[in-house]
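Summary of the model geometry
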Amino acid sequence: MASGMEIDEENNHNNENKGGMWDLEQKLDQPMDEEAGRLRNMYREKKFSTLLLLRLAYQSLGVVYGDLGTSPLYVYNNTFPRGIEDTEDVIGALSLIIYSLTLIPLLKYVFIVCRANDNGQGGTFALYSLLCRHAKINTIPNQHRTDEELTTYSRTTFHEHSFAAKTKRWLEAYPFRKNALLILVVVGTCMVIGDGILTPAISVLSASGGIKVDHPKMSNDVVVVVAVIILVGLFSLQHYGTDRVGWLFAPIVLLWFLLVGGIGIFNIWKYDSSVLRAFSPVYIYRYFRRGKRDGWTSVGGIMLSITGTEALFADLAHFPLSAIQLAFTVIVFPCLLLAYTGQAAYLMQNKDHVADAFYRSIPESIYWPVFVIATLAAIVASQATISATFSIIKQALALGCFPRVKVVHTSKEFLGQIYIPDINWILMVLCIAVTAGFKNQSQIGNAYGTAVVIVMLVTTLLMTLIMLLVWHCHWAVVLIFTALSLVVECTYFSAVLFKIDQGGWVPLVIAAAFLLIMYVWHYGTVKRYEFEMHSKVSMAWILGLGPSLGLVRVPGIGLVYTELASGVPHIFSHFITNLPAIHSVVVFVCVKYLPVYTVPEDERFLVKRIGPKNYHMFRCVARYGYKDLHKKDDDFEKKLFDNLFMFVRLDTMMDGCSDSDEYSLFGQQTQHSRDYNGNSSTTNIELSYSSMDSIAPVRCHPQGDNTLTSSGHESNQTEIDELEFLNSCRDVGVVHILGNTVVRARRESRFYKKLAIDYIYAFLRKICRENSVIFNVPHESLLNVGQIFYV
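What counts and what doesn't
All chains use their own residue numbering, which begins from 1 and follows the written sequence. Local features are withheld for residues below a pLDDT of 70 in this predicted model, meaning they are given only at 70 or higher, and side-chain atom pairs are given and counted only at 80 or more; totals for whole chains, interfaces and linings count all residues. Values shown for side chains rest on all heavy atoms present in the structure; no hydrogens or waters enter the calculation. Strands are runs of DSSP state E lasting at least two residues, helices are runs of H or I lasting at least four, and both sets are numbered from the N terminus onward. Burial here depends on accessible area, computed with a 1.4 Å probe over protein chains only, as a share of the maximum for the residue type. Under 20% is buried, over 50% is exposed, and the range in between is partly exposed. Residue exposure ignores everything except the shown protein chains as possible cover, and the areas themselves are Shrake-Rupley values with a 1.4 Å probe. Whether two strands pair depends on DSSP finding at least two bridges between them. Every residue pair with non-hydrogen atoms within 4.5 Å of one another is taken to be in contact. The residues that make up patches have over 30% relative accessible area and no salt bridge, and they are joined within 9 Å when like-charged or within 5 Å when they are Val, Leu, Ile, Met, Phe, Trp or Tyr. Salt bridge, as applied in this entry: a Lys or Arg side-chain nitrogen positioned within 4 Å of an Asp or Glu carboxyl oxygen. By nonpolar core is meant a set of buried Ala, Val, Leu, Ile, Met, Phe, Trp, Tyr and Cys residues that side-chain atoms within 4.5 Å join together. Axis definition: a line fit to C-alpha positions, over the contact stretch in the case of helices; interaxial angles, taken between N-to-C directions, run 0 to 180 degrees. Our angle categories are set so that under 35 degrees counts as roughly parallel, over 145 as roughly antiparallel, 65 to 115 as roughly perpendicular, and the remainder as oblique. Ten residue types, Ala, Val, Leu, Ile, Met, Phe, Trp, Tyr, Cys and Pro, are classed as nonpolar, four, Asp, Glu, Lys and Arg, as charged, and the remainder, Gly among them, as polar.

Helix and strand counts for the protein chain come out as 30 helices and eleven strands. Here the protein chain holds 791 residues, and the buried ones make up 57% of them. As displayed, the protein chain has an accessible area near 32,500 Å², and 59% of this comes from carbon and sulfur atoms.

Structure, rendered in C-alpha cells:
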C-alpha cells in the first residue's frame, strides 16, 4: 500500500497537470499524520508564492464576494423603512453593521467555518458528508468497508471514552436522530435555494432603482420591467457556464469595491466625520434602549449587510482558503466598512434620503459610471448565488435527496462549475414572480433576511458536531463557539420573525415546497432500497439453480443495473422467472455515491465474482463522489470491461494460493499482463480478494509492452480460456437490463404514507429523468423489467 505522502504527491501532480492550483490546495488540506502535515505545509509554502496567492485572491473576488459586496445598495433602506427620526439612530445602526461584519463573515466564516471544508468543498451537504464519514448516520446503508480505504475518504479517529465517541454513539443510537440531522441539512439546503431566488431579485431591483433617482417622475413599473429584462438575460446565459463569462467578474467586483470604498472616504470627509464614533459598541446599547421594539425589528434590515456569507462558504471549492482569507481581509472588509460609514455620514445631514441612500450619496460627476458598475456587480452577485444553488442541488442529488435532473458540467477544467437546466428555469420564473409581485426592495429584503438567518443557524448546529467529531475540540471550546454564534444569530432570527407578514413568508413557502419534494424523494428512495435489501435473492438459491441457472444461457453479456452493492437483486429473480433464457455472462452494475467529494479514477470500480467461476456472474460497483459526473457512455463501458478482465486475471493468479474458503491478500505490486484484445501492458495492482463473492479494487495503468508472468501453465491456460470466453460474449453483444419499478404504499399503510408514496413520490418519478436516459443506454440494447414494490 502506498504511503499517505506518496498518494498526496501523485494527486498533487495530477492536479497540476489539470491546471487547477486551487484543487491542489484542496488536496493539501486533507487530514494526515503529524509528519505528513509538516511536509504538506512546506510543500504549500513552496508552491503558493506571494504572486500566485495575490492572483488567486484577485480571482476569488468575482466568484465569492459578489453577493456580500452588493449589500450597500439596500441595507439602510431596509433598516429604516419608515424613515430616520433621530440622527443618533444612524450611528447605532452603523455600529451594529460594523460588529455584524466583524463577528459573522470575518471571525466565524472566513477564519472558522471555512476551515471545516470537505477537502475544499463547502456548503451544508459538504459538512453533512464529512459527518457521515465520522459517524454512521447515513440513512441509506449502501456503504462497504472497502469504501473507507479510498484516498479521499479522509477521517480522524478518537479514543473510545472521549467526548467525541460519546457524541458519535448518541447520534447513532436511534434512527430518529439520524433523520432529524438529515432534515436539518435539507432545511439549510432549501434556504440556500431561496437565496438563489431572492438574491438576483433584490440585487438587480436595487441596482435598477438608480434610474428613478436621476428621473424622479419615472414610474416604479419601469424600474421593475428593466429588472425583469436583466434577470431574463442573466438566467438565459447560465448554460454558457461561469468559466466562459467569468473572466469579466473579478475586475468588475474589484472596481466596485474600490468605488464604494472611495465614495465612502469622500462622504466621511465631506459630510460628517463624527460617524467614526460608531466603532464604539456603546452606541449599540443606546440604539436598542432608544428604539425599543422598532430598534429591535430594524436588526432584520441590518442583517442584510452580511448576506452572501453562506454563498462564500458554498463557493469555497473554486479557490484555496488562504486566497479567500486574503481577499476578504485586504479588500472586501475595509471597503465595506468605508461604504457603510460613508453612507451614514451622508445620512447624518440628509436623513430624508434614506430610501435611496446609496445612489444619492454618489458624487454627481461619477453617477452614471457608478450606476453601470452597480448593475454589473448585481449581476455578478446573482451569478455567484445561482452557481452555489446549482452546486448544492448537485450534492443533494448525489446523496439521494433530490429527484434526478440533468446536470451539465460547463467546464472541463473546473469540476465544480455546473449547470442544471430544469432548476435554472424554475429559479428564473420564481425570481421574476418575486420581483414583479413585490415591486419594492423592502419586502424582498424582509424575505431575504429570513432565508439567510436560518441557513446560518443550520451551519452553526452542524459546526458544533464538526468541532466535536472531526476536530476533537474540548467541549468547553465548542460550547463557547456555539453560544456566541447562537446569541448573535438568534437575535437576528427574533428580529426577522416580526417581518414574517411583510414578505418574510416568501422563503418559508419556497423552502417548504422544496423540503416536501426533497424529503419525500429521499423517503421513497430509502423505502425502495430497504425493500430491495429485504427481497434480494440468497446465494443458496443461485447455487441451487446450477451453472445454467435453470435456463438456457444465450451468447452475450447482460448488464443488470441495481442499487444494491451486495447480494443478488430481486429484479434478477423476477427476470429469470418470466423469461426462459439469460446471457452467458451476467454483470450486476451498481452506481453509488459516497459521502466524499470525489473518487479517483483508479479507485472508482470494485469488481466481485458471484458464485463459482462456471456461473460467469460478476458484480461491478462504480463509486462516485458528490462532485463527480457520472456518464454512461462508451468510456464508462470500456472502463467497466477493463476492470472486469483485470479481475479475471487476478482471480486466476490467486487460485490455489490457500486452502481456506475465505482469504484476503492486501498489497500493491506490478504485474506484466496482456489485456483482452491481446495488447500487452504493465499494471499497478491493489488487490483485496476473497474466494466467494470477493471484492477487488483493480487499478489499470498501461505503461509498457511486456508479457504475463504466470505461476503455472494450467493457471495461464484457465485465464486465457475465461478471457477468450468473456471477449467472445462481448463481441456478440451487450444488453442493458434496467428495472422499471413502480413503488406503492401497502393497503394497511397510514394516510400520510399513501399520500407521500402513491401521489407525490409517484409524480416525481414520472417527471424526473429515467435511468435509461441518465445511463445513456441505446434503445436497441435496452431491456426494461417491470415490477411493483409495496413498501
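Next comes the rest of the description.
Further remarks concern the pairing of strand E6 (residues 617-624). Where burial is concerned, most of E6 is hidden: eight out of the eight residues are buried. Where burial is concerned, the two faces of E6 agree: the one with Met617, Arg619, Val621 and Arg623 and the one with Phe618, Cys620, Ala622 and Tyr624 are both buried. Sheet topology note: the strand E4 (residues 581-593)/E6 ladder contains eight bridges and is parallel. Following the sheet pairing, Val591 is matched in E6 by Ala622.

Non-glycine residue His472 carries a positive phi angle of around 60°. Turning to its location among the elements, His472 is positioned in the loop between helix H22 (441-469) and helix H23 (475-497). Looking at His472, the relative accessible area reads 32%, which means it is partly exposed. Although it is not a glycine, His616 sits at a positive phi angle of roughly 55°. Of note, His616 is situated in the loop between strand E5 (605-609) and E6. His616 sits in the buried class, given a relative accessible area of 16%.

This brings us to the side chain of Thr450. Within the secondary structure, Thr450 is located in helix H22. Apart from the residues within four sequence positions on either side, Thr450 is in contact with Val496, Gly504, Pro507 and Leu508.

Now for a nonpolar patch on the surface. A surface patch of nonpolar side chains, about 540 Å² in accessible area, is lined by Phe751, Tyr752, Leu755 and Tyr759. Here Phe751 shows up in helix H29 (residues 751-767).

In terms of nonpolar packing, the biggest core is built from 166 residues, with Tyr65, Tyr76, Phe125, Tyr128, Tyr359 and Phe402 touching the most fellow members. Phe402 has contacts with Ile393, Ala396, Leu397, Ile423, Phe514, Met518 and Trp521, leaving out every residue within four places of it along the chain. In this structure, Ile557, Leu559, Phe645 and Cys729 belong to the second largest nonpolar core, which totals 25 residues.

Under the criterion given, the structure shown has twelve salt bridges. Put simply, Glu530 and Lys527 hold a salt bridge, and the shortest N to O gap is 3.9 Å. Placement of the pair is Glu530 and Lys527 together in helix H24 (residues 505-534), with a separation of three residues, close to one helical turn. With a closest N to O distance of 2.4 Å, Glu563 and Arg528 form a salt bridge. You can see Glu563 sitting in the loop between strand E3 (552-562) and helix H26 (570-578) and its partner Arg528 sitting in helix H24, a full 35 residues away along the chain. The exposure class assigned to Arg528 is buried, which follows from its relative accessible area of 4%.

Moving on: the packing of H24 against H29. Packing of H24 against H29 brings their axes to within 9 Å, and their N-to-C directions diverge by 100°. Considering the angle they form, H24 stands roughly perpendicular to H29. Every residue of H29 that contacts H24 at Leu516, Ile517, Val520, Trp521, Tyr523, Gly524, Thr525 and Arg528 is listed here: Lys753, Ala756, Ile757, Ile760, Tyr761, Leu764 and Arg765. Its residues assigned to classes, the contact of H24 with H29 comprises ten nonpolar, two polar and three charged.

In this structure, Ala116 sits in the loop between helix H7 (87-110) and helix H8 (124-134). Each C-alpha atom of the pair Ala116 and Met463 lies 7.7 Å from the other, and the pair is 347 residues apart in sequence. Residues contacting Ala116, with those up to four places away along its chain left out, are Leu127, Leu130, Met463, Ile466 and Trp471.

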